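Breakdown of the fold
What follows is the residue order along each chain.
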Amino acid sequence: MSKVLMKGNEAIAEAAIQAGCRYFFGYPITPQNEIPAYMAKRLPMVGGCFLQAESEVAAINMVYGAAGAGARVMTSSSSPGISLKQEGISYIAGAELPCLIVNIVRGGPGLGGIQPAQSDYFQAVKGGGHGDYHLIVLAPSTIQEMVDLVQEGFDIADQYRNPVMILGDGMLGQMMEPVEFKERKPRQLPPKDWATTGWKGDRPRAVINSLFIDPQVLEEHVQRIYKKYEAIKANETKVECYNCEDAEIIVSAYGTTARIVRSVIELAAKEGIKVGLIRPITLWPFPADTFSSWVERDHVKAFLTVEMSMGQMVEDVTLSVGGRKPSYFYGRTGGMVPNPFDILDEIKKIRGGNR
Amino acid sequence: MAIVFKKPESLTDNPFHYCPGCTHGIVHRLIAEVMDELNIRQDTIGVAPVGCAVFAYDYFNCDMQEAAHGRAPAVATGIKRVHPDKVVFTYQGDGDLASIGAAEIVHAANRGEKITTIFINNAIYGMTGGQMAPTTLLGQVTVTSPYGRQAETEGYPIRMSEMLATLAGVAYIERVSVHDIKHINQAKKAIRKAFEYQIAGKGFTMVEVLSTCPTNWGMTPVESLEWVKDRMIPYYPLGVKKEAE
Ligand SMILES: Cc1ncc(C[n+]2csc(CCOP(=O)(O)OP(=O)(O)O)c2C)c(N)n1
Ligand code: SF4
Ligand SMILES: [Mg+2]
């Protein structure tokens, strides 16, 4: 298929439709409004259903109902809206329902701003809602990757019966790039014989539920989900290593920030400084082993994490580095985008022992 | 020997966990009888609330989903949009529907979602131990209105049926009671009509059932039934609040 020029948010929506998503429930919030607008136009053309809910709370619970009814379903929002959805997300994880949740992150806390940020990493990766659970969190850094991960994301959700989050940011949502909607090799997915479709007696009665009042039963339920997480860690962890061979400083960044770090690597090379990039594509599961494998190399002197936040992913990087090499952080927040020259300065400071 | 009284097929064999004299169980049975009579059990998907009826998914013998507190109408919306040919109902208490889930019920009704809501108004939060609900009567003592509910500080008991009846998307709303046989029969007729209207695709349907909570009202089962008749019905008048042609 040929390439088309598309805005990030619209590419997400089209990718979802091409992945067979037929239900969308959402509530307006900047900077993701192009997703529902695109869905509102396109879904009726393919026999699907777009519904603007009365709130993000309602939207995520509609997703719960539709996912429990066996549909491929998604919602999208931005930071404050995702906060409102957290109770529902926890229920979805507890009831083991597959769905796709898109967060086009903006600056916070509170109403914050509408410019791109990465300050929802903790919320996405460490829980967000209550209880023991994980979302599978995918962090694209180009529009093409966004398209690929949206499509892959639905399959991952179905395969493991677990909600998947696409963690983007206002920059990725708003920028335009050429994309290709590739023919995908579909995964072998289990049948949704657990869904509430009307019970004819030909399977066990379907009950979508996250309540297990007996603590022993609840513990077993959670432990079973955590076994599933082990399989997800083993099979689905994705990371890109760029220019790490013989790099002196390894920078880690995801999403928009990783794009900026690529130009930093070029700037640094011109000055004879060897910089590499570890770019987690799955933020959960986090590619801890990749960090471990680079940390032992003699040529690697230090790690620097760059984020559009006050430092969130850096905690996972530091944990993975495990004190074996120094781990530094540089970030801008509130919608401010890091400047490549400022990142380069940080790298120079680290090299010069001034950090 | 002829069987004159048996459990509806639309109920499972699980014993109810409700307190003695609680009318949740009666309403469950009425819904199940209607499902049997309309022969819709295999095509019905129910949504249980958070509240004393949280285990409704163990009792109704059809596919069920358990919703977060107050969100049953949103969950039902998601289900119905995926399966427009199925019968979808929610079963919700007054804390669930009239307080935390007020937005969800208003907008599901206003969209004319083709679902049926069975709304159990027992003027209290049963499950959490007898706190004030939006439906608690003026002067009624609860653990969070220990001096009796005061309009000045807690506002007025909310009449959800009348409020929702103003919405264009609503096809049918009736308030009923289950404090005696005559009213139980009327309640069943209303529930049946609500399901029939849903099946006919007329729009949103709801039956509000005045119900007892002897445990948290601090009354005997018999006193509770009297209290529904003498105290609740005068404030919450029974009858059809809206019926589309
Ligand atoms: C978000 C959230 N808030 C509070 C609760 C606690 N809670 C459980 S049931 C309930 C009240 C239920 O009362 P009602 O809806 O009137 O049902 P009843 O038990 O009277 O039938 C509350 C507040 C909860 N489970 N979830
Ligand atoms: S607490 Fe009240 S509403 Fe709940 S089961 Fe007991 S009597 Fe019924
Ligand atoms: Mg109640």
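Structure first, text after, so check above.
Residues numbered from 1 in each chain as written. Chains lettered and ligands numbered in written order. Predicted model: local features only at pLDDT ≥ 70, side-chain atom pairs only at ≥ 80, totals over all residues. Heavy atoms only, no water.

1. Some remarks on the layout of surface pockets
Residues and elements named next belong to chain A. Here the largest pocket defines a volume of roughly 420 Å³. Together, 19 residues line the largest pocket, and S90, G94, H130, S210 and L218 are the ones closest to its centre. For the lining of the largest pocket, the elements supplying multiple residues, two or more each, are α5 (86–94) and α9 (215–236). (1 Å grid on protein atoms, 1.4 Å probe; cavity = no way out; pocket = protein on both sides within 12 Å on 5 of 7 lines; lining within 4 Å. Points joined across faces, edges and corners; volume = space filled by probe spheres on them. Helix = DSSP H or I, 4+ residues; strand = E, 2+ residues; numbered from the N terminus.)

2. Some thoughts on the sheet that holds strand β1 (residues 44–48) of chain B
Here 8 strands make up an open sheet; going across it, the order is β9(A)-β2(B)-β1(B)-β3(B)-β4(B)-β6(B)-β5(B)-β7(B) and the pairing mixed. Looking at the sheet topology across the chains shown, the edges are occupied by β9 (207–208) of chain A together with β7 (239–243) of chain B. Sheet analysis places strand β3 (residues 87–93) of chain B next to strand β4 (residues 116–121) of chain B, joined by 5 bridges and oriented parallel. Counted as the bridge partner of Q92(B) is F119(B) from β4(B). Sitting on the sheet, helix α8 (residues 181–199) of chain B touches β3, β4, β5 (170–177), β6 (204–210) and β7 of chain B, and the angle it makes with β5(B) is about 165°. Each of β4, β5 and β6 of chain B touches helix α10 (residues 221–235) of chain B; the most contacted strand, β6(B), lies at about 130° to it. (Pairing = 2+ DSSP bridges. Contact = heavy atoms within 4.5 Å. Axes fitted to C-alpha atoms, helices over the stretch in contact; angles between N-to-C directions.)

3. Observations regarding the packing of aromatic side chains
Considering all chains together, one arrives at 17 aromatic pairs over all chains under this definition. The interplanar angle of 70° and the centroid separation of 5.3 Å between the aromatic rings of Y229(A) and W284(A) together place this pair among those described as edge-to-face. Within this pair, whereas Y229(A) is found in helix α9, its partner W284(A) is found in strand β13 (residues 282–284), the two being separated by 55 residues in sequence. Judged by its relative accessible area of 1%, Y229(A) falls in the buried class. By way of ring pairs, the aromatic residues F60(B), F89(B), Y91(B) and F195(B) are connected into one cluster. (Phe/Tyr/Trp six-rings, centres within 6.5 Å; stacked < 30°, edge-to-face > 60°. Buried < 20%, exposed > 50% of the residue type's maximum accessible area, 1.4 Å probe, protein only.)

4. Quick look at the site of ligand 2
All names here are of chain B. In the region of ligand 2, the neighbouring residues are Y18, C19, C22, H24, C52, N122, G126, C213, P214, T215 and N216. Here the shell around ligand 2 takes 3 residues from helix α9 (residues 214–217), the largest share from any one element. Each residue belonging to the shell around ligand 2 can be placed in one class, and the counts come to 6 nonpolar, 5 polar and no charged. (Near = heavy atom within 4 Å. Nonpolar A, V, L, I, M, F, W, Y, C, P; charged D, E, K, R; others polar.)

5. A word on the environment of V141(B)
In this fold, V141(B) is placed in the loop between β4 and α6 (151–154). In sequence terms V141(B) and I124(B) are 17 residues apart; their C-alpha atoms lie 9.9 Å from each other.

6. With respect to helix α11 (residues 288–295) of chain A
Residue and element names in this part refer to chain A. Taken as a whole, α11 has its buried residues at T290, F291, W294 and V295. Along the long axis of α11, the arc covered by the buried residues comes to 135°, so they all point the same way. The elements touched by buried residues of α11 are β10 (239–242), β11 (249–252), β12 (275–280), β14 (302–307) and α12 (313–321). (Arc of directions from axis to C-beta.)

Without other data, these values stay purely geometric and don't point to any function.
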